[in-house]
Amino acid sequence: MRSSAKHGAADNNRGLSGHVLTLHQRLYHALNLGTWVNRKKWHCTDIETQRLVLRSVDAYLECISSETLQYPLVKDSVVDMVRALESILEFKNQSILRLASSVAVKMVKVLPGSILLQNRGLDLICPIVDLLSSHQLQVAMSCATAMNVILPKLSSRREREVWQILKETKAVGYLVHNIKQLSIVNIQIEYFQEMASLLSRILLWWPSFRFCVWNDSNFLNCLDAIKLISESSVKVVVLQLYSSLALCGNGAQKLLENGEALVQMTVSCMDSSNSHSVRMEAFKLARCLALSRRGCIQMMNICCEPLVKAVTGAMKYSNTLSEKLDKNQLSVTEEACRLASITRWPGNHHIYFWKAGTDRLLLDLLLDYPKIHQLQRELSVNDLINIVRESQNSNLLFSFRPYLWDILGGLAANCEENISHEIHENELQLRVLIVCACLSFVDSMGTLRQVSQNGVTNMTECESACRAVLMMVYSPCKYIASLARSILYEILKADGKDYVEYLLKILNAVLTGAKFGLPGNLQIVVSLMSLACYCSLPTYQELIIKFQGMKIMVAFVMWWLSNPVHLKRESTVPHLRDSFSERSCCYPSTEEWEGEDMLLLFSLWIVSELLHHSAYNKKANSSDNHEDFPRSQLIQELQEICRDRNSHGSRWYAAYVLSYFGIFGFPSKLGKRIGKLLGEREHSDMKLHFVNEESVYVHEVILTVRCPSLLPPGESVPKQKSSGVKSDVGRNIVKAVHLSAHVDQPSLLKLLEYVYSGYLQASKDLVKKLKLFARHCKLESLMQVLCRKNPKWGVDVPSFDLSPALGPAGHNLSNLILEAGSTTQLVHWNCNSCSALVPHLHVHKVILLSSCDYLRALFQSGMQESNLQTIKVPVSWESLNKLVRWFYSDRLPVPIFDCVWANLEPEEKFRQVHTYLELCWLAEFWLIDDLYEECYEVVISCIDSSQNLSTKIIQIAANFSQWKLAQVAANHMAPSYHQLRISGELDQLDDNLVEMVRAASVRLSQEGGGGGGITLVDWLCY
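Bear in mind that the values here come from a model prediction, so they are computed numbers and not experimental data.

Undergrad: Give a detailed account of the overall build of the chain, specifying residues and quantitative values.
TA: Across its full length, the chain holds 51 helices and 11 strands. Within the span of the chain, comprising 1022 residues, buried residues form 55% of the whole. Expressed as a percentage of contacts within the chain between residues at least 6 apart in sequence, the contacts between residues at least 24 apart total 76%. As presented, the chain carries roughly 44500 Å² of accessible surface, and 49% of it is formed by carbon and sulfur atoms.

See the structure below:
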C-alpha cells in the first residue's frame, strides 16, 4: 500500500473536503485488510474483505472529478484502486462478480483515459475481457460496457498492446459465442447492444479479428435473424457490426453472396422515417459494400433503383436552411454524398442518378440561389458566370464540394456516347453545373500558385474540381464534352495563357530539380490534370506546343519510368480518407483505373492530345513536333508500359499514344511470343491461299480464340497432308483455305499480325482498309485504336488470353495431353472430352512451344519423343494447372496475402508454396525464364508473409536444387537461429542447410542486426 504522506506534503492536499478525506480514509482502511505483493499487487482471499473494498472504491469514485484529480492524495489512490479491482476480478468469486463488474464500469466511466490507462492501467483490461465468458449475463454485459468505455479512450500507441490482450484472451470468440446464444424470441436488447457494440468496435480497429467472424456461418445466420428486429437501437448496432465486417473485402463478398435481404434492409434504413443514427449507419454500410467495383455491381444488381432513390433523397437540401443549419440533416447529406461517389464505378446505376435529377441536387448543394432553376435558357455564359460567382461565395457547404465534384465527374465519365433524353430535359441545370465546375477549376489554378509559393492551403477541392472538369471535357457523351469545352474556353479567356505557362514551369521544375515552389505530389497531380484539361481546347494545344510542352511532357514520362512515383488517389486527397474507411483491408488495389500510376497516366494523356493536335493540323513546326525527342526510345518504353503490370489507364493511353506512331493495339509478353508463330509451317494446321498464289500458314486454335470471324464458315475445310512430312500419329494435317479475290492481302496479313501479337504496324492508307476488317470481325478494341478514339475511363485493357482454347472451343483442336507426375489428392476426376481416367489436360503444342524452348526443341527434334501424344510432367496436379494457365494467359495464379491467407493452417500454406517451388525447378529445367522469375517472386512473398514457413521451404528448395531460394529462407531464419537450434527445429534439416542458417546468423550479428522484424501478415494481424 502506498501512503499519501509519501507523495507530497499536506499542503498539496489542502482544499479537499472533509467528505473526500473520510472516504479516502475508509478506502485505505479496507485495503489494509489485504496484503500488497511487492508493493504492486493487492491480494486478499476473504470474500467479505473484497466486498468491503469494492464498496469503498464505489463510494470513493463518487467524489472523483477533474478538480479532485488534481490533488496528489486522490490521484495516487487511483493506482491502488485499479490494482485492487484487478485482483478481485481475477479471483472470480461468483458471489461478488456482479458488484465487481459494476464497479469496473463506474471506474472506467469516471476516470479519464490519461490516468486509467497509464502505467499498469492496461492490466485491468485482461480480467474484464476474461469475464466476457461469464455465465452471469449481468457480469458479462457489465464487462462489455466497461470495454466499450475503455476503447475510445485508448491512444494509438497503446493499440497494439490491447490487440495482444484481446488476442490472448480470445475476446472476439467470447463475444461471438454470447451473441449466438441469444434467443431471438426473448432477446435482451441491452445485453445484445453491449456485446455487438464491443464486437463491432474491435473489428473496426483491428482487421485481423474480422476473418473468424465473417467466416462463421452460424453467427451470420444469427445476425440475419436479429436484423429483423424493428427497435432503432438494435438496428444501429446491427448495421455497425455489418459495416465492420464489410471493411474487409472478403467479408463484404461473403455478405453479398446471399445479400438480397441485407441490401434491402440497408436501403430501407436510409429512409427519412428512421432515426438519424440508423440512417447514418445504413449509408456507411452501403459505402463499405461498394468499396470495390465488384461489390458495387453486386449491390446494384440486387437493389439498384431503390438504392439510388434513397441516396438522392438524402442529398436533397433546401437553401432556405443555410442560415439555420440542421447538423443532423447535414451529416446525413454528407454521408449520402460519400456514397454517391459510386458513380466512379461503371454500371447501370448512372441512368438512375440522371433520372433522379442529380444535376439539380448538386446545384442546390453548390449554390445559394433558390431561383437558379427558374433562369432563362438564353442567358449567356458570362451571365451565368456572374450568377454562379455570387451564389458560390455565399454558400456555406464548402466541405461538401469535393464529394460533389467526384459525383459529377463519375457521371460524366460513365455516360453513354449518345446522350439520353433525361439530360436534355435538364439542359439549363447542366450548363450551370458545368459553369460551377469550370470556375472552381480556374480558381484551383490560383490555389495551386498559392501552394507552390507558400506551401499552405487546402488542395482537396482543387483536385476534385480538376478531375470533374477532366471527366467532362473528355466525356464519351458528345453533348457533355462539347458543352464543357465551350464553357471552359470562355472562362479561360482572361488568364488561360499565363496558367499554361505556369503549369509547364511546375512540371519542368520536377525534371530539372529547380526550386520552383517545391511542388509536392498532389500539386503535380493537379498540374497534370489541369494541363490535360487545357489540351481539350485546340487554342491551348497550340500554346502548349509553342511553350515546348511536348518536349517537357515526353521528358516527364521518361523521368517517371526511371523514377516511378506510385500514388493512390485516396492517399493524396484528404476527403477520401476518414477514420472509418482507412481501416479497410483485403481490397484489391488494381480495381481503380488509374491505380498507383496517376502521374504516368495523366502525362501520357497530355502527350496523346498533343500528338492528336499535331497529326490533325499537320502544321506544327519541326522543332515542336514529336520528332524533337528520341522516337525509337519512346516507342520502346510505351510498348513496355503495355506489357508491364501497370494500371489499365496507363496501358490504354500508352496504346493510344502508340497509334500516332503507326502502332495499333496492345503489346503484351504473350503476344510477343505467339506473334513469332505467324507464317511458321511447322505445327500449323491451316494454310490461307491468296489469288496471286501466295499463301500464309496459320493455326486454327489461335484464330478460334482471337478472331473466329476469320475461320471459314460452315463445315470444316478439307485437310491435306503437309508436304514432305510422313503421316505419322501426331503430325499436323493442314487445311487449305482459298480466299476470294475481294480479300485485300496486305490488310489481311496485318489483321493476322494483330490476331497473333495483339498489335500491328500500318501506314495511314492501310488503316482505312483495316477499319473495314476490324468492323467485320467485331474487333472493337482494335477499331477504337485505329480510329484513335479517346480511351473511356474505367474500361479494362483487352487481354491477350488464349485460355478459352482449354475449354470446349479448343478441345477438338488439341494435339497433346499433359499428365501430372502426382495426382494423389484427386478424387472422382473425369474429363469432359475423353474417357481417360488419369487426370490430364488437353493442350496445343503450338501454344506450349511458343513459350518454352525445351518443348520446342522436343517437338521439332524429329525423334520418337516429338510424336508423343501424351507427356507426363514431373510436377503435382496443382502445379500443372498453374503451368498451363501461364502458357495460355501469361498470368500465374498467385496467392493473395490477405486475411484468408493469414488464417490458413501452416500445412495448407506450405502446400501452396510447394507448387511454386516445383514450378521454379521445372521452369529452370525447361528454360522458361519469365515463369521462373514470377514463381521466384511468389515464393519470396510467401516467405516474407509467414516467417514460420522458412524452416520447411529451405529443405524443399534444397531438394529442388533451388539454392538461391534456400539462401533467402536461411536469411529469414537467421534472427531466430539460436531459438530454432534450442527448440530442435533445425534437427530436421540437412547439415549443410543448418550451416547456411548459422552463417546467415553470423553475418546478421556482424552487421549489427537484431531480432526479426514484423512481417506483412503480422502487420495485417495487428
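Undergrad: Quick rundown of the side chain of Q745? Include the residues and the values.
TA: Secondary-structure assignment places Q745 in helix α37 (residues 745–757). In this view, Q745 contacts F690, N692 and E694; residues no more than four positions away in its chain are not counted.

Undergrad: Break down unusual backbone geometry for me, citing the residues and quoting the values.
TA: Despite not being glycine, C586 has its phi angle at roughly 65 degrees, a positive value. Inspection of the secondary structure puts C586 in the loop between α31 (569–572) and α32 (598–617). A positive phi is found at R788, a non-glycine position, where the angle reads about 55 degrees. If you trace the backbone, R788 turns up in the loop between α39 (780–786) and α40 (808–811).

Undergrad: How would you sum up the sheet that holds strand β10 (residues 840–843)? Please name residues and give values.
TA: In space, the three strands of this open sheet follow the order β10-β9-β11, with mixed pairing throughout. Sheet topology places β10 and β11 (870–876) at the edges, where each strand pairs with a single neighbour. Strand-to-strand, the axes of this sheet are offset by a mean angle of 30 degrees, without reference to chain direction. In the sheet, strand β9 (residues 816–822) pairs with β11 via five bridges, with the strands oriented parallel. Looking across to β11, one finds that E819 is bridged to K872. Each of β9, β10 and β11 is contacted by helix α43 (residues 877–889), which is oriented at about 115 degrees to β11, the strand it contacts most.

Undergrad: Which residues make up the packing of helix α3 (residues 72–91) against helix α4 (residues 97–110), and what are the values?
TA: Contact geometry of α3 with α4 gives a least axis separation of 10 Å together with a crossing angle of 145 degrees. Like other packed secondary-structure pairs, α3 and α4 cross with a definite hand, here left-handed. For the pair formed by α3 and α4, the contact residues are M81, V82, L85, I88 and L89 on the first element and L97, A100, S101, V103, A104 and M107 on the second. Here the residues of the contact of α3 with α4 are counted per class, giving 10 nonpolar, one polar and no charged.

Undergrad: Quick one: what's the story with helix α50 (residues 991–1006), residue by residue and with numbers?
TA: Its 16 residues place the ends of α50 23 Å apart at the C-alpha level, agreeing with the 22 Å of an ideal helix rising 1.5 Å per residue. Among the residues making up α50, those that are buried are L993, M996, V997, A1000 and S1001. Projected down its long axis, α50 shows its buried positions confined to an angular sector of 135 degrees, all on one face. Exposed side of α50, more than 90 degrees from the buried face: D991 and Q1006 are the residues found there.

Undergrad: Give me the lowdown on the side chain of D216, citing residues and values where you can.
TA: With respect to the helices and strands, D216 occurs in the loop between α11 (210–214) and α12 (217–226). For D216, a relative accessible area of 16% corresponds to the buried category. Looking at D216, its side chain comes within polar contact range of the side chain of K180, at 3.0 Å. A polar atom in the side chain of D216 sits 3.1 Å from the backbone nitrogen of F219.

Undergrad: Residues and numbers for the confidence of the model for the chain, please.
TA: Low-pLDDT stretches of the model should not have their predicted coordinates read in fine detail. Predicted confidence across the chain gives a mean pLDDT of 87, with 89% of residues reaching 70 or more. Here residues 715–730 is a poorly scored stretch, pLDDT under 50, and it has 25 contacts once near neighbours within four places are set aside; other chains count.

Undergrad: Lay out the pairing of strand β4 (residues 686–689) in plain terms, naming residues and giving numbers.
TA: Neither face of β4 is open: one carries M686 and L688, the other K687 and H689, and all of them are buried. Of the strand pairs in this sheet, β4 and strand β5 (residues 695–698) are connected by four bridges, and their pairing is antiparallel. Its bridge partner lying in β5, M686 is registered against V698. The loop that links β4 with its antiparallel partner β5 comprises five residues; one of these, E693, has a positive phi angle of about 70 degrees. Two elements, β4 and strand β7 (residues 733–738), share four bridges in a ladder whose sense is parallel. Paired with K687 across the bridge in β7 is A736.

Undergrad: Tell me about the packing of aromatic side chains, and name the residues and values.
TA: Inspection of the entire model under this criterion finds 21 aromatic pairs. Look at W593 and Y653: their rings are 6.4 Å apart centre to centre, the planes differ by 75 degrees, and that puts the pair in the edge-to-face class. Of the two residues, W593 sits in the loop between α31 and α32 while Y653 sits in helix α34 (residues 648–658), which places them 60 residues apart along the sequence. Across this residue pair, the class does not change: W593 and Y653 are buried. Aromatic pair W593 and W793: ring centres 4.9 Å apart, planes at 50 degrees, arrangement tilted.

Undergrad: Which residues make up a nonpolar patch on the surface, and what values do they have?
TA: A contiguous nonpolar surface patch, about 290 Å² in accessible area, is contributed by Y854, F925 and L927. Take Y854: it is sitting in helix α42 (residues 853–859). Take Y854: its relative accessible area is 31%, and that puts it in the partly exposed class.

Undergrad: Account for the pattern of salt bridges, naming residues and giving values.
TA: Evaluation of the coordinates by the stated rule reveals 37 salt bridges. Between R287 and E335 there is a salt bridge, with its nearest N and O atoms 2.8 Å apart. One end of the pair, R287, is in helix α16 (residues 276–289); the other, E335, is in helix α18 (residues 327–340), with 48 residues separating them in the sequence. You'll find R287 and E335 in the same group, each marked buried. Salt-bridge contacts for E995 lead to R998; the nearest nitrogen and oxygen are separated by 2.7 Å. With E995 and R998 both in helix α50, this residue pair falls three residues apart, about one helical turn. Under the relative-accessibility criterion, R998 is labelled partly exposed at 34%. Overlapping salt bridges bring together D406, E463, R467, R569 and E594 as one network.

Undergrad: Explain the packing of helix α17 (residues 293–315) against α18 to me, and be specific about the residues and the numbers.
TA: The relative placement of two packed helices comes down to the angle between their axes together with the axis-to-axis distance. One way to put it is that α17 packs onto α18 with a least axis distance of 8 Å and a crossing angle of 140 degrees. One finds that α17 runs oblique with respect to α18. When the axes of α17 and α18 are compared, the crossing they make is left-handed. For the pair α17 and α18, the contacting residues are V311, A314 and M315 in the first and Q329, V332, T333, A336, C337, L339 and A340 in the second. The class makeup of the residues in the contact of α17 with α18 is eight nonpolar, two polar and no charged.

Undergrad: Can you explain the environment of C143? Please cite residues and give values.
TA: Tracing the backbone shows C143 in helix α7 (residues 137–150). Note on C143: relative accessible area 2%, which makes it buried. Linking C143 and V105, residues 38 residues apart in sequence, is a C-alpha distance of 7.1 Å. Those residues in contact with C143, other than ones at most four positions away along the chain, are S101, I128, L131 and L132.

Undergrad: Residues and numbers for the state of the cysteines, please.
TA: Within this structure, the stated rule accounts for zero disulfides. Counting only cysteine sulfurs, C899 is the nearest neighbor of C248, a cysteine outside any disulfide, at a range of 3.5 Å. The cysteine C466 is free of any disulfide, with C533 supplying the nearest cysteine sulfur at 6.1 Å. According to the relative accessible area criterion, C466 is buried, its value standing at 0%.

Undergrad: Before we move on, can you summarise the environment of R210 with the specific residues and values?
TA: Looking at where R210 falls in the secondary structure, it is placed in helix α11. Given a relative accessible area of 0%, R210 falls into the buried group. Spatially, the C-alpha atom of R210 lies 7.5 Å from that of G251, the residues being 41 residues apart in sequence. Ignoring any residue separated from it by four or fewer positions in sequence, one finds R210 in contact with L203, L204, S244, L245, L247, C248, R583, S584 and C585. Reaching out from R210, the side chain makes a polar contact with the backbone oxygen of S244 at a distance of 3.3 Å.

Undergrad: Describe a negative patch on the surface, with residues and values.
TA: Taken together, the side chains of D853, D929, E933 and E937 present a region of like negative charge at the surface. Element by element, the count of residues in the negative patch is highest for helix α46 (residues 929–945), at three residues. Within the secondary structure, D853 is located in helix α42.

Parameters at a glance
- The residue numbers shown here count from 1 along each chain, following its written sequence.
- Residues qualify for local features only when their pLDDT is at least 70, as the model is predicted, and side-chain atom pairs are given and counted only at 80 or more; totals for whole chains, interfaces and linings, by contrast, use all residues.
- To obtain the side-chain values, all non-hydrogen atoms of the structure were included, while hydrogens and water were left out.
- Strands here mean DSSP runs of E at least two residues long; helices mean DSSP runs of H or I at least four residues long; both are numbered from the N terminus.
- Relative accessible area decides the class of each residue, using a 1.4 Å probe on protein chains only: under 20% of the type maximum gives buried, over 50% gives exposed, and in between gives partly exposed.
- Should any heavy atoms of two residues lie within 4.5 Å, those residues are considered in contact.
- Values of accessible area rely on a 1.4 Å probe in the Shrake-Rupley scheme; residue burial ignores everything except the protein chains shown.
- Two strands qualify as a pair provided that DSSP identifies no fewer than 2 bridges between them.
- Note on method: axes are straight lines fitted to C-alpha atoms, helices fitted across the in-contact stretch only, with angles between N-to-C directions ranging 0 to 180 degrees.
- In this scheme, a crossing is called left-handed if the near helix is turned counterclockwise away from the far one by less than a right angle; it is called right-handed if the turn is clockwise.
- Under the scheme applied here, ten amino acids are nonpolar (Ala, Val, Leu, Ile, Met, Phe, Trp, Tyr, Cys and Pro), four are charged (Asp, Glu, Lys and Arg), and all others, including Gly, are polar.
- In a helix, the anticipated span is given by 1.5 Å times the number of residues less one.
- This arc is taken over the directions from the axis of the helix to the C-beta atoms.
- Here a polar contact is recorded for every N or O atom pair within 3.5 Å, except that within protein the pair must consist of a potential hydrogen donor and a potential acceptor, and residues adjacent in sequence are included only if both atoms are side-chain atoms.
- What pLDDT reports is the predictor's confidence in each residue, on a scale of 0 through 100.
- What counts as a ring pair is set by centres within 6.5 Å for rings of Phe, Tyr and Trp (its six-membered ring), and what kind of pair is set by the plane angle: stacked under 30 degrees, edge-to-face over 60, tilted for all other angles.
- Any residue with relative accessible area above 30% and no salt bridge may belong to a patch, with like charges joined within 9 Å and the nonpolar Val, Leu, Ile, Met, Phe, Trp and Tyr side chains within 5 Å.
- By convention in these notes, a salt bridge is any Lys or Arg side-chain nitrogen within 4 Å of a carboxyl oxygen on Asp or Glu.
- Angles below 35 degrees are treated as roughly parallel, those above 145 as roughly antiparallel, those between 65 and 115 as roughly perpendicular, and all remaining angles as oblique.
- In plain terms, two cysteine sulfur atoms within 2.5 Å form what is called a disulfide here.
- Positive charge is attributed to Lys and Arg, negative charge to Asp and Glu, and no charge count is given to His or to the chain ends.
- Throughout, a charge is located at the NZ atom of Lys, the CZ atom of Arg, the CG atom of Asp or the CD atom of Glu.

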